[in-house]
Amino acid sequence: MRLLQDDTVTGPDRRAALARLTDDWLAGLLARHTATGPTGTALVAVGGYGRGELSPRSDLDLLLLHDGRADPRDLAALADHLWYPVWDLGLALDHSVRTLAEARKTAREDLKVQLGLLDARHLGGDPELTAALRTAAYADWRESAPRRLPELHALCQERADRQGELQYLLEPDLKEARGGIRDATALRAVAASWLADAPRGGLEAARTLLLDTRDALHRTTGRATDRLSLQEQDQVAEALGVLDADALLRQTYEAARTISYASDVTWREVGRVLRARSVRPVLRGLLSGRTAGRAERTPLAEGVVELDGEAVLARTARPERDPVLVLRAAAAAAQAGLPLATHAIRRCATAGAGRPLPEPWPAEAREQLVTLLGAGAPTVPVWEALEAEGVITRLLPDWERVRCRPQRNPVHTWTVDRHLVETAVRAAALTRRVHRPDLLLIAALLHDIGKGWPGDHAVAGETIARDVAARLGFDARDTAVIATLVRHHLLLVETATRRDLDDPETVGAVATAVRSTGTLELLHALTEADALATGPAAWSAWRGGLVSDLVKRVAARLAGEPEPELRGADGPTAEQERLAIEAGRTGGPALALHTRAEPAVQDGEEPPAQEPVGVELLIAVPDGPGVLPAAAGVLALHRLTVRAADLRYLDPIDDGSVLLLSWRVAAEYGSLPEADRLRVDLVRALDGSLDVPARLAERERAYARRSRAVLAPPPQVTVVTGSSRTATVIEVRAQDAHGLLHRIGRALESAGVAVRSAHISTLGANAVDAFYVTGADGAPLTDARAHEVAAAVEAALQ
């Protein structure tokens, strides 16, 4: 206990000291009971304990080895004398009692047992038994390695599929996830086979860092856990002397990336060796003389050839005289769908340190970078290999700020740097849609580069992108376009989903920002690539349709043409008109509920895939007070989550103006409610016989009792100036929750403003809603009045 509380002993020293204390204790137990008990026994530590690495809550892997001559009852008694004290202390124990022959047989049948025996370490008893076990374990492993290594590789891949990649997870499993402690242990086993070895640079340091992090996790939680949960990250960071949870995650990701890269290289080498071993006997029979066993080299680019499934440098390559060679080799490898050999990268990196690329880059270097980015999915492993060897940060120093930087927004799948590469991969599929694919790919690579700096990342990114583009050799005009794309990479999707596209000010603001149809074309492709690379919640046919609508309107404005009649400009659809007429005739709400799917057409894909866009609910209601909060409250009571919504007035009909609400909803669980049931409850909510606020409050209290509180930023309500001449835009950003839209609607109504239109958007756990409001006179609010309303809404949401 004193050792665990002693902060002066840390890391490997603490694990080794804890292992020594445990060794002495177990050896003492064995000695006391073998003095009068059976001889020909040895107590052996295996697995992690065998490596002498005990974390505060690690389990003990023990093998009681014997020569087979002892009485079984005496062996059982000895085992009890060893195991029960361990259990009495509350320690987890994995134990077995075997002869040498039994241990070898079990290892042949169970790969995990065989791997554990590679770390066998003598604790007490007959040392010759332990020595014989270690000798046999290594001999058996090396003899069976050609058969067992593919099995081990499959286990590693299955575990990665199940646990994910440690370097991208917000709550990673330090042991089981890809790039974790278990993978580092697997690399030790590969090295022990003598068939292949992992790149050693930084590998042991990465493994040590993960073990240190797990130690701190065990100490702060008091539990035997390997998952670095969000709520424990600040405490673990403090225990390790790290600045904060983000810094902790970043160094954890860096360690995992080192182990993942070493694993990729090692398993590729294992595959090559095993293929060569299986082919060589056949070749000997077919080939003779100097041609036997000579691998074929296929040219890929100047100074780059394919050799045995990898892109390597040609014999004539001179990286010390050719600073572009590393980019040319990377581009050639990605275009061919091949890994780039580690020794090729290191040779280029060593030469490049003495002769870096001139600034601005020569045209060939810039073209090779664009070619690398345009290769699509094969770009990712080549880029990761370059990054692992330090080439990327040498070529693009600003990359260091975003490398391994976590993104705590759950909508994001990747770290910042991997997201940038993924965006370039997605953009590569869209290059046929734009006139300047090179500008699209570079902007995709740089669009979030500002996330490594304080403040608005788009503003910071514009400055960085301008500097990087100039260093890459783009002229002033192209540099300005790249900077504009980075500055406004969120403009289209945010405007399309949160602003009224029928308002001329909306289109004008976007046109002013992009300034040209060419930039607009590039920004449209970048918007789609960015969203697709973010995660499944960031893009849909619905969002794509809204963005396309906006782009067509802005393109017409930039071309000086009349804006096309899109979305609501050509009047209501037949169904909307039917519902409006019915609502006007009956004086009550009219509803229609549909499940819809829209085609998601990809370039070269035939037939197009069908992408579901959720459930569409149309509600037409005669204009009157309380419509929005009533409708939103009824949907919440029926456990319908609002993914998107649009509120607008149809042209007046015989019985007055009709409000049309178009909702995209999803059932939280179970089946969708019937439209008639929704209509009945909406009528009751409007006439006051259904107390929606009370019902929602009751449900919220029940939900709070069942659920763990979610720590979320407080809601923020702002006035968006300059967005409309005919209304005031109030924007609400908040954690999505039961009845959120109902509470917003009630707050706006209590403030005495009229909602002319509303645009509701839910992205993951976050809601971003824009409301176009006017005063009682139908005019926009004064600045003071607008901020007063915003403050009232924000207070209502606290």
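Just so you know, these numbers come straight off a predicted model, no measurement behind them.

K.L.:
How should the overall build of the protein be read in this particular structure?
P.N.:
A count of helical and extended segments in the protein gives 30 helices and 15 strands. Counting only contacts in the protein whose residues sit at least 6 apart along the sequence, the fraction spanning at least 24 positions is 69%.

K.L.:
Hey, could you run me through the environment of S144 in this one?
P.N.:
Along the chain, S144 turns up in helix α7 (residues 127–163). Between the C-alpha atoms of S144 and S193, which are 49 residues apart in sequence, the distance is 8.8 Å.

K.L.:
So what exactly am I meant to see when it comes to the sheet that holds strand β2 (residues 60–66) here?
P.N.:
Within a beta sheet, neighbouring strands are joined by backbone hydrogen bonds and run either parallel or antiparallel to one another. One open sheet accounts for 4 strands, arranged β3-β2-β1-β4; its pairing is mixed. Each edge of the open sheet is held by one strand with a lone partner, namely β3 (93–99) and β4 (121–125). Across this sheet, the average inter-strand angle for adjacent strands is 25°, counted without regard to direction. On top of the sheet, helix α5 (residues 100–109) reaches β2 and β3; it is set at about 120° to β3, its chief contact.

K.L.:
Help me understand the pattern of salt bridges, please; the structure alone is not making it clear to me.
P.N.:
Here the idea is simple: oppositely charged side chains can pair when their charged atoms come close. In this structure the tally under the stated criterion is 55 salt bridges. The partner of E53 in a salt bridge is R207, and the shortest N-O contact between them spans 2.4 Å. Linking E53 in the loop between α3 (47–50) and β2 with R207 in helix α9 (residues 203–221), this pair joins segments that are 154 residues apart in sequence. Of the two residues, E53 and R207, both sit in the buried class. The residue E310 makes a salt bridge to R268 at a minimum N-O spacing of 2.9 Å. Here E310 is found in strand β7 (residues 310–313), whereas its partner R268 is found in helix α11 (residues 245–286), with 42 residues between them in sequence. Overall, E310 belongs to the buried group, its relative accessible area being 7%. R268 gets classed as partly exposed once you look at its relative accessible area, which sits at 24%.

K.L.:
Help me out: how do you make sense of the confidence of the model for the protein in this one?
P.N.:
Any segment with low pLDDT has predicted coordinates that should not be analysed in fine detail. Overall, the prediction assigns the protein a mean pLDDT of 86, with 89% of residues at 70 or greater. Mean pLDDT across the elements of the protein ranges from a minimum in helix α1 (residues 2–5), with 58, to a maximum in helix α20 (residues 476–487), with 97. Note on residues 288–293: pLDDT is under 50 here. Beyond four places in sequence and across chains, it has 2 contacts. Contacts for the low-pLDDT stretch residues 706–710, under 50 throughout, to residues beyond four places or in other chains number 2 contacts.

K.L.:
It is not clear to me how the nonpolar core should be interpreted in this structure. Could you clarify?
P.N.:
Grouped burial of nonpolar side chains is what soluble globular proteins tend to show. Judged by nonpolar contacts, the single largest core of 97 residues is most densely connected at L340, W383, L386, W399 and I442. For this core, the element with the highest residue contribution is helix α12 (residues 325–336), accounting for 9 residues. In terms of nonpolar packing, the next biggest core, distinct from the first, is built from 52 residues, V627, A630, I744 and A786 among them.

K.L.:
What exactly am I supposed to notice about the side chain of R403 here?
P.N.:
Mapped onto the elements, R403 comes out in the loop between α16 (391–395) and α17 (416–428). We classify R403 as buried; its relative accessible area is 19%. Within polar-contact distance, the side chain of R403 engages the side chain of E400 at 3.1 Å. Look past the residues within four positions of R403 in its chain and what remains in contact with it is R250, E254, R257, E387, T393 and D417.

K.L.:
Please explain the packing of aromatic side chains as it appears in this structure.
P.N.:
Tallied over the full model, the rule gives 3 aromatic pairs. R142 extends its terminal NZ or CZ atom over the ring of W194, reaching a point 3.6 Å from the ring centre.

K.L.:
Got a minute to help me understand the sheet that holds strand β5 (residues 297–301) in this structure?
P.N.:
Taken in spatial order, the 3 strands line up as β5-β6-β7 in an open sheet, and their pairing is antiparallel. The strands lining the two open edges of the sheet, one partner per strand, are β5 and β7. For this sheet, the mean angle separating the axes of adjacent strands, direction not counted, is 40°. Strand direction decides the pairing type here: β5 and strand β6 (residues 304–307), joined by 4 bridges, are antiparallel. Within the sheet, the bridge partner assigned to A301 lies in β6 and is V304.

K.L.:
What is the right way to read helix α2 (residues 11–34) from this model?
P.N.:
Owing to its 3.6 residues per turn, the α-helix brings residues three or four apart onto one side. Helix length check: α2, at 24 residues, gives a terminal C-alpha distance of 35 Å against a target of 34 Å (1.5 Å per residue), a fit within 8%. Those residues of α2 that sit buried are G11, R14, R15, A17, L18, A19, T22, D23, L26, L29 and L30.

K.L.:
In this structure, what is going on with the pairing of strand β1 (residues 41–45)? I would like to understand it.
P.N.:
Residues in a regular strand point their side chains to alternate faces of the sheet. For β1, the buried fraction is high: 5 of the 5 residues fall into the buried class. Residue alternation in β1 divides its side chains into two sets, T41, L43 and A45 and A42 and V44, and both sets are buried. Looking at chain direction, β1 and β2 are connected through 5 bridges and run antiparallel. Within the sheet, the bridge partner assigned to V44 lies in β2 and is L63. The sheet contact formed by β1 and β4 spans 4 bridges and is antiparallel. For V44, the partnering residue across the bridge sits in β4 and is H122.

K.L.:
Would you mind showing me how to read the pairing of strand β13 (residues 728–735) here?
P.N.:
Within β13, 6 of the 8 residues are buried, which leaves the element mostly enclosed by the surrounding structure. Alignment of strand β12 (residues 716–720) against β13, held across 5 bridges, turns out to be antiparallel. Bridge pairing in β13 places T718 opposite E731.

K.L.:
What exactly am I supposed to notice about the environment of L60 here?
P.N.:
Relative to the elements of secondary structure, L60 occurs in strand β2. The class of L60 is buried, set by a relative accessible area of 2%. Separated by 31 residues in the primary sequence, L60 and L91 place their C-alpha atoms 7.5 Å from one another. In this view, L60 contacts T22, Y49, L54, V86, L91, A92, L93 and D94; residues no more than four positions away in its chain are not counted.

K.L.:
Explain the side chain of H489 here, please?
P.N.:
By secondary structure assignment, the location of H489 is in the loop between α20 and α21 (491–498). For H489, a relative accessible area of 1% corresponds to the buried category. Reaching out from H489, the side chain makes a polar contact with the side chain of D448 at a distance of 3.2 Å. Of the polar contacts made by the side chain of H489, one reaches the backbone oxygen of V486; its length is 2.7 Å. Apart from the residues lying within four places of it in its own chain, the contact partners of H489 are H447, D448, H457, A458, L523, L526, T527 and D530.

K.L.:
Can you walk me through the packing of α12 against helix α14 (residues 363–373) in this structure?
P.N.:
The axes of two packed helices give the description: the angle between them and the distance between them. Taken N-terminus to C-terminus, the directions of α12 and α14 make an angle of 25°; their axes are 8 Å apart at the nearest point. In terms of orientation, α12 and α14 fall into the roughly parallel class. The element α12 and its partner α14 pack so that their crossing is left-handed. Of the residues in α14, those touching α12 at L327, R328, A330, A331, A334 and Q335 are E364, A365, Q368, L369, T371 and L372.

K.L.:
Teacher, can you tell me more about α5 here?
P.N.:
A103, T106 and A107 are the residues of α5 that are buried. Taken around the axis of α5, the buried residues stretch over an arc of 100°, which confines them to a single face. Those residues of α5 that are exposed and angled more than 90 degrees off the buried face are A101 and E109. Of the surrounding elements, those touching the buried residues of α5 are β3, α6 (111–117) and α7.

K.L.:
Looking at this structure, I do not really get unusual backbone geometry. What am I missing?
P.N.:
Backbone geometry follows two general trends: most residues other than glycine have a negative phi, and most peptide bonds adopt the trans configuration. A cis geometry characterises the amide bond from E359 onward to P360, with omega recorded as -5°. Although it is not a glycine, W194 adopts a positive phi angle of roughly 65°. With respect to the secondary-structure elements, W194 resides in the loop between α8 (181–192) and α9. Here C404, not a glycine, exhibits a phi torsion of approximately 60°, which is positive. Position of C404 relative to the elements: it lies in the loop between α16 and α17.

Criteria and thresholds
- Residues numbered from 1 in each chain as written.
- Predicted model: local features only at pLDDT ≥ 70, side-chain atom pairs only at ≥ 80, totals over all residues.
- Heavy atoms only, no water.
- Helix = DSSP H or I, 4+ residues; strand = E, 2+ residues; numbered from the N terminus.
- Contact = heavy atoms within 4.5 Å.
- Pairing = 2+ DSSP bridges.
- Axes fitted to C-alpha atoms, helices over the stretch in contact; angles between N-to-C directions.
- Salt bridge = Lys/Arg side-chain N within 4 Å of Asp/Glu carboxyl O.
- Buried < 20%, exposed > 50% of the residue type's maximum accessible area, 1.4 Å probe, protein only.
- pLDDT = per-residue confidence, 0-100.
- Core = buried A, V, L, I, M, F, W, Y, C linked by side-chain atoms within 4.5 Å.
- Polar contact = N/O pair within 3.5 Å; in protein donor to acceptor, adjacent residues only side chain to side chain.
- Phe/Tyr/Trp six-rings, centres within 6.5 Å; stacked < 30°, edge-to-face > 60°.
- Lys NZ or Arg CZ within 6 Å of the ring centre and 35° of its normal.
- Expected span 1.5 Å × (residues − 1).
- Parallel < 35°, antiparallel > 145°, perpendicular 65-115°, else oblique.
- Left-handed = near helix turned anticlockwise from the far one by under 90°.
- Arc of directions from axis to C-beta.

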